[in-house]
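Here's the letter readout for the chains.
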Amino acid sequence: WHCSKCEQVTKQTMTSFKIISTNRVGAGSYYRISHDSTSTQTSMTFGLFLPSRFATNIDESAINKENVLVIYWLSGLTCDDTNFAMKAGAFSHAERENVALVMPDTSPRGEDVPNVDSYDLGVGAGFYVNATEEPYSKHYHMYTYVTEELPALLESQFNIGKHGLRSITGHSMGGHGALTIALKDTNKSWVSVSAFSPICNPTKCPWGDKAFKAYLGSVDAGLAHDATVLLSEASGATVYDEILIEQGADDNFLSGGQLFPEHLVEAAKKVGQKVTLNMRDGYDHSYYFIASFIGDHIAFHAKRLRSKYAEILALESSSSLDFSVTTGKTITCQAMVARAPKQPLTLETITVDVPQKGEVRVKVMANALCHTDVYTLDGHDPEGLFPSILGHEAGCIVESVGEGVTSVKPGDHVIPCYTPQCAAPACIFCQSPKTNLCPVIRGTQGQGLMPDGTSRFKDKDGNPIYHFMGCSTMAEYTVLAEISCAKISKELPLQKACLFGCGVSTGLGAVWNTCKVEPNSSVAVFGLGAVGLAVIQGAKMAGAGRIIAVDINPDKFPAAVGLGATDCVDSSKLDKPVQNHIVDMTQWGVDYTFDCTGNT
């Protein structure tokens, strides 16, 4: 924030804080701040880096009105709140990614804080646990400090990390702290987790043995703060989309039996949690190692923080939308228009007419790109018409409805369906279990028109633009037939819900409706994109006994295992055709195979 106001702001809004120092670093600002801690019953000091986007976002009444995305850094043995700030070279990366960095101390400090003459116990070695044993039990409560007190303080005073928009990482003992804090969390308080040279299995190493006995009374009591144990006891579902671990291959503590990253990786495999362990040749345990790769970790967390923030903003915006100003009126908005085959889409201002009888106008909140959109743009679709507005995988909010519409109302969340069913008792197609190709709107839909034979879109010159697959979601607003609206729960983020419009529903439908996979049957899935992963999920839900996932990218395997795959095969590594390999695995082959490889 603006440095000239620090003293004034301290007096007005942070009476329990003292800004110890302020330094300009690049375009951002680094602060050291002290406060009285209720967790440790001491004064605690933490470092805070704010990128320039937020460092000037202050007035006399509030600090940072915009929610700030934040990464917590937990340091290792002997460190305080300054080591990372001075040695890691992280601030330029945080500035580029527009995230704040918070750097707490590694233990309580002060005259009354018990200490021993040892680098790996006492002051500078709090191990991120709540001590239960004397003489440490009064002050050594670093777990509560990092997980509760410090986040609450930063949220209330700085708008930093609100709504769980925080990630965590650390080094050595701090890597242990980051992993265990993230894995113990049941409230989705952390978006992502990574670590440098972490103590992965502390109940099996000298550092952990010493700390757990002193702070908790026994090594067994430390099992609740052991990342390998916590991960091995996970429910089997993926806890985080990925856990990133950086490890120097020449680290003397790795060879000295203190770190055990291989134990964490093995536990992760058993529960389907993706762990990326980067073994870095020539690197040791020092801050030179951290400085070499800290940019990768900040980018790793920033990507996930931004994605989570986008979900939150979408949900907030959907709950605050006021459609009264547009209801019954033509809407002017923007759209990506396909003017001709094999030509780039053009961003244009269009008008969207009011919905007619049996129609629904929606605001498009999220879009996914399907290969069918590209297929049409490339001129291969026999029903492809130009100019048109492509797009059919979307999450939308109902803006207004036409005459006779009863199934949805303004404010409802919906997914557009390009193959809808009227569900009328007299419709032999809808009543048949063998097809879902209802003809009620299919004729006009194939002509790029609404059911009454006209278009709801016009360009700036008043010329009509064709609809696409009855959806046309690559516009801020579109009009759908009522039967094309699948109403969904408002709790499902529209950024994720949009995939149900095609990719996910295609995979699930292939399993449940087309093949009708039976319990205990065997399945092979070729290709682990959105459709392939949906097939795996559908097969798991159908009760398939063995599900073999096949792909040439092994990075997709943890997600496949998390959704139900029992075996994973990298077909690019085989010395025989993959079908022969599957026969060898199963003796007679599988009951069902699904080709989801796409066209790449």
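Criteria and thresholds
Residues numbered from 1 in each chain as written. Predicted model: local features only at pLDDT ≥ 70, side-chain atom pairs only at ≥ 80, totals over all residues. Heavy atoms only, no water. Helix = DSSP H or I, 4+ residues; strand = E, 2+ residues; numbered from the N terminus. Buried < 20%, exposed > 50% of the residue type's maximum accessible area, 1.4 Å probe, protein only. Contact = heavy atoms within 4.5 Å. Areas by Shrake-Rupley, 256 points an atom, 1.4 Å probe, with all protein chains shown as cover. Lys, Arg positive; Asp, Glu negative; His and termini not counted. Charge placed at Lys NZ, Arg CZ, Asp CG, Glu CD. Pairing = 2+ DSSP bridges. Axes fitted to C-alpha atoms, helices over the stretch in contact; angles between N-to-C directions. Phe/Tyr/Trp six-rings, centres within 6.5 Å; stacked < 30°, edge-to-face > 60°. Lys NZ or Arg CZ within 6 Å of the ring centre and 35° of its normal. Core = buried A, V, L, I, M, F, W, Y, C linked by side-chain atoms within 4.5 Å. Salt bridge = Lys/Arg side-chain N within 4 Å of Asp/Glu carboxyl O. Polar contact = N/O pair within 3.5 Å; in protein donor to acceptor, adjacent residues only side chain to side chain. Bend = angle between axes of the 7 residues up to and from the residue.

Trainee: Hey, could you run me through the overall build of the protein chain in this one?
Mentor: Broken down by element type, the protein chain carries 19 helices and 22 strands. Counting only residues that meet the buried cut, the protein chain has 53% of its 600 residues in that class. Contacts spanning at least 24 positions in sequence make up 70% of the contacts within the protein chain whose residues lie at least 6 apart. For the protein chain, the computed accessible surface area is about 26,100 Å², with 52% contributed by carbon and sulfur atoms. Separation between the mean location of the 47 positive side-chain charges and that of the 63 negative ones in the protein chain comes to 4 Å.

Trainee: Looking at this structure, I do not really get the sheet that holds strand β12 (residues 359–368). What am I missing?
Mentor: Each strand in a sheet pairs with its neighbour through backbone hydrogen bonds, running either in the same direction (parallel) or in the opposite one (antiparallel). In spatial order, the strands read β17-β12-β13-β14-β18; together these five strands make up an open sheet with antiparallel pairing. A single partner strand is all that each edge strand has here, and the edge strands are β17 (477–481) and β18 (485–488). Across the sheet, the mean angle from the axis of one strand to that of its neighbour is 45°, orientation sign disregarded. By the bridge criterion, five bridges tie β12 to β17 in an arrangement that is antiparallel.

Trainee: Help me out: how do you make sense of the packing of aromatic side chains in this one?
Mentor: Counting across every chain of the model gives 15 aromatic pairs. Between F17 and F158 the ring centres are 5.8 Å apart and the planes differ by 85°, which places this aromatic pair in the edge-to-face class. Of this pair, F17 sits in strand β1 (residues 17–25) while F158 sits in helix α5 (residues 142–158), placing them 141 residues apart in sequence. For F17, a relative accessible area of 6% puts it in the buried group. Note on F49 and F91: the rings are 4.5 Å apart at their centroids and 5° apart in plane angle, and the pair reads as stacked. In this pair, F49 is assigned in strand β3 (residues 43–50) and F91 in helix α4 (residues 91–97), connecting sequence segments 42 residues apart. For the pair F49 and F91, a shared accessibility class is recorded, and that class is buried. Ring-pair connections join several aromatic residues into one group, and the members of that group are W73, F84, F196, Y283, F289 and F293. Against the face of Y143 rests K184, its NZ or CZ located 5.7 Å from the ring centre.

Trainee: Honestly, the nonpolar core in this entry has me stumped. Any pointers?
Mentor: General note: in soluble globular proteins, nonpolar side chains tend to be found buried as a group. Membership of the largest hydrophobic core comes to 67 residues, with the highest contact counts inside it found for F46, L48, I168, L179 and Y215. A total of eight residues in this core trace back to one element, the largest contributor, which is α5. Residues contacting I168, with those up to four places away along its chain left out, are Y72, L74, V146, A178, I181, A182, W190, S192, V193, S194 and H301.

Trainee: So what exactly am I meant to see when it comes to the pattern of salt bridges here?
Mentor: Once the charged atoms of two side chains with opposite charge are near each other, the side chains can pair. Tallied over the full model, the rule gives 23 salt bridges. Between R304 and E242 there is a salt bridge, with the nearest N and O atoms lying 3.2 Å from each other. Of this pair, R304 sits in helix α11 (residues 287–320) while E242 sits in the loop between α8 (227–232) and β8 (243–248), and the two are 62 residues apart along the sequence. Classification of E242 by relative accessible area gives buried; the value is 12%. Close ionic contact of R361 with E399 constitutes a salt bridge, the shortest N to O distance being 2.7 Å. Placement of R361 in strand β12 and of E399 in strand β13 (residues 393–401) is noted, with a sequence separation of 38 residues between them. Taken together, the salt bridges that share partners define one network made up of D241, E242, K274 and R304.

Trainee: Can you help me understand the side chain of H301 in this one?
Mentor: Considering the arrangement of structural elements, one finds H301 in helix α11. Here H301 falls in the buried class, since its relative accessible area comes to 0%. A polar side-chain atom of H301 sits 2.8 Å from a polar atom in the side chain of S194. For H301, the residues in contact, after removing those within four places along its chain, are I71, S167, I168, T169, S192, V193 and S194.

Trainee: Looking at this model, I keep getting lost on the sheet that holds strand β16 (residues 464–465). Mind explaining?
Mentor: Read across the sheet, four strands follow the order β10-β11-β15-β16 without closing on themselves; strand pairing throughout is antiparallel. Edge positions in the sheet fall to β10 (331–337) and β16, since each has one partner strand and no second. The pairing of β10 with strand β11 (residues 346–352) spans seven bridges and is antiparallel. Paired with I331 across the strands is V352, a residue of β11.

Trainee: Sorry, what's going on with the pairing of β17 here?
Mentor: Regular strands place side chains that alternate from one sheet face to the opposite one. Of all five residues in β17, five are buried, a share of seventy percent or more. Side chains Y477, V479 and A481 project from β17 onto one buried face, and the interleaved T478 and L480 project onto a second face that is buried too.

Trainee: Hey, could you run me through the pairing of strand β2 (residues 28–36) in this one?
Mentor: In terms of residue burial, β2 counts as a mostly covered element, since seven of its nine residues are buried. Taken together, the eight bridges between β1 and β2 define a ladder with antiparallel strand orientation. Paired with V25 across the two strands is G28, which belongs to β2. What sits between the antiparallel neighbours β1 and β2 is a turn of two residues, in which G26 has the positive phi angle 60°. Where β2 folds back on β3, the antiparallel hairpin that results is connected by six residues, among which Q41 adopts a positive phi of roughly 55°.

Trainee: I keep staring at the environment of K496 and nothing clicks. Help me out?
Mentor: Here K496 lies in helix α15 (residues 494–497). By relative accessible area, which is 46% here, K496 ends up partly exposed. Residues K496 and A94, spaced 402 residues apart in sequence, show a C-alpha to C-alpha distance of 27 Å.

Trainee: How should I be thinking about α5 in this particular structure?
Mentor: Along an α-helix, a turn takes 3.6 residues, which lines up residues three or four apart on a common side. Along α5, the largest kink reaches about 30° and is centred on E149; proline P151 follows within four residues of it. Of the residues making up α5, those classed as buried are M142, Y143, T144, Y145, V146, E149, L150, P151, L153, L154 and F158. Phi turns positive, to about 60°, at N159, one or two residues after α5.

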